[in-house]
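A structural walkthrough
In case you want the letters, here they are:
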Amino acid sequence: MPHFPYPLARWLTSAALASLLAGAPAIVQAQATFPVRPVSLVIGYPPGAIVDTVARQVGAALAPILGQPVVPDNKGGAAGVIGAGVVAKARPDGYTVLFTAYTSLQIASAIERNLAFDPVNDLIPVASVGRPTTLLLVNADFPAKTFDEFIAYVKARPSQINFGTSGTGSPNHFALEHLNSVFGTRMTAVPYKGAAQMLTDMLGGRVQATFSSSSLAAGHLQAGTVRALAIGSPDASPLFPDLPVIADKGAPGFNASGALGLFAPPGTPPAIVDQWNLAIGKALQDPAVAEKLAGEGIIVKRQTAAQFGDSYRREARQIADFIRQGNLKIN
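Cut-offs applied
- Residues numbered from 1 in each chain as written.
- Predicted model: local features only at pLDDT ≥ 70, side-chain atom pairs only at ≥ 80, totals over all residues.
- Heavy atoms only, no water.
- Helix = DSSP H or I, 4+ residues; strand = E, 2+ residues; numbered from the N terminus.
- Buried < 20%, exposed > 50% of the residue type's maximum accessible area, 1.4 Å probe, protein only.
- Lys, Arg positive; Asp, Glu negative; His and termini not counted.
- Salt bridge = Lys/Arg side-chain N within 4 Å of Asp/Glu carboxyl O.
- Contact = heavy atoms within 4.5 Å.
- Core = buried A, V, L, I, M, F, W, Y, C linked by side-chain atoms within 4.5 Å.
- Pairing = 2+ DSSP bridges.
- Axes fitted to C-alpha atoms, helices over the stretch in contact; angles between N-to-C directions.
- pLDDT = per-residue confidence, 0-100.

1. Quick word on the side chain of Glu296
Mapping Glu296 onto the fold places it in the loop between helix 11 (287–295) and strand 11 (298–300). Buried charge without a partner: Glu296 forms no salt bridge, and the closest opposite charge is Lys292, 7.7 Å away. If sequence neighbours within four positions are ignored, Glu296 has contacts with Ile50, Thr53, Val54, Gln57, Ser214 and Ser215.

Set out below in structure tokens:
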């Protein structure tokens, strides 16, 4: 091996470094100063949905952390798939990210819709946020007063009960079909673009039951215009200690809630993904944000980007297996 005098060796090292930096892609240089302008937070659901409410709360906390405005951009429709498609085609520079109820994306992948992107393998999981407490609701005039009475009443009236969902392939649509499969009921799915209109129609009697986040239903529950019969999310809630959990009523693994998370376009550099993940973690630790989320029944879950990616893909496989084994019809 040739021996170079020290000054020459130092010059060669400096020259090699300069050459490397000169050839580095612009995106690498951008990472060092990201972000230098406002970022777009695409929200996969319309205004008024729990996803929108949480996204705006977290986005407001993110702005001082990132040092730039975080601009909400609602792209609702198709149970979150439309917004996901927008982000899947966005520039992978970190300035456009998706905030959504990602369970619907896992369902969309499992039922093999004719999509222009793969919701599981194209989008980059950035950060988990949490899972809303979801309730099985009926309107105030519904005869059943408990979950067991509800199942018995519905079973005795096949295809006569309309069940509101947040769109075909949404988490509560998936949960309805799971409910029908496990308990032998036959309720009819009525899809809506947003949960607010769905609840309005339930008050009017067009639909008799639905799954809804506890925060969205809070005002109706206090007014006595709707009644909660059970918890549709996986865990008991301190906000509703007297309600049974459907997963404990003969339906293991039952889950009607859409877990919330942040996603980036394919090709986004790992350094920017990690920066977003850390920023989300700081936002969720903000006492004001934590208090708001707890009050809305959100169970916060923090993970690294790698951990979130692993759990996101694992859950997607489980949902696909469940749909196939149960022969559930979600279309």
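2. Looking at the nonpolar core
Formed by 40 residues in total, the largest nonpolar core has its most connected members in Leu136, Phe150, Leu179, Phe211, Ile246 and Phe254. Those elements giving two or more residues to this core turn out to be strand 5 (134–139), helix 6 (147–155), helix 7 (171–183), helix 8 (195–203), strand 8 (209–213) and strand 9 (226–231). The dominant element in this core, judged by the number of residues it contributes, is strand 9, at five residues. Beyond its immediate stretch of four places on either side in the chain, Leu136 contacts Phe147, Phe150, Phe163, Thr210, Phe211, Arg227, Ala228, Leu229, Ala230 and Ile246. With 37 residues, the next largest nonpolar core counts Val58, Val97, Val126 and Ala264 among its residues.

3. What about the sheet that holds strand 3 (residues 96–101)?
Across the sheet, six strands lie side by side as 2-1-3-10-4-11; this open sheet has mixed pairing. Looking along the sheet, the strands with just one partner apiece sit at the ends: strand 2 (70–74) and strand 11. Sheet twist, expressed as the mean angle between neighbouring strand axes with direction ignored, is 30°. As judged from the three bridges shared by strand 4 (residues 124–132) and strand 11, these two strands associate in the antiparallel manner. Looking at strand 11, one finds that Pro132 is bridged to Ile298. Strands in contact with helix 4 (residues 81–88) are strand 1 (39–43), strand 3 and strand 10 (260–264); relative to strand 3, the strand with the most contacts, it is inclined by about 160°.

4. Observations concerning the sheet that holds strand 9
Spatial ordering of the open sheet is given by 7-6-8-5-9, a layout of five strands whose pairing is mixed. In this open sheet, the two edge strands, each paired with only one partner strand, are strand 7 (188–191) and strand 9. Averaged over all pairs of adjacent strands, the angle between their axes in this sheet comes to 35°, without regard to strand direction. Where strand 6 (residues 162–165) and strand 7 come together, four bridges link them in parallel fashion. Counterpart to Thr165 in the pairing with strand 7 is Pro191. Running over the sheet, helix 8 touches strand 5, strand 6, strand 8 and strand 9 and is turned about 140° from strand 8.

5. Some details on the confidence of the model for the protein
Interpretation of this model should avoid reading the predicted coordinates in detail wherever pLDDT is low. Of all residues in the protein, 89% have pLDDT values of 70 or greater, and the mean over the chain is 87. Contacts of residues 1–31 to residues separated by more than four positions or lying in other chains number eleven contacts, the stretch itself having pLDDT below 50.

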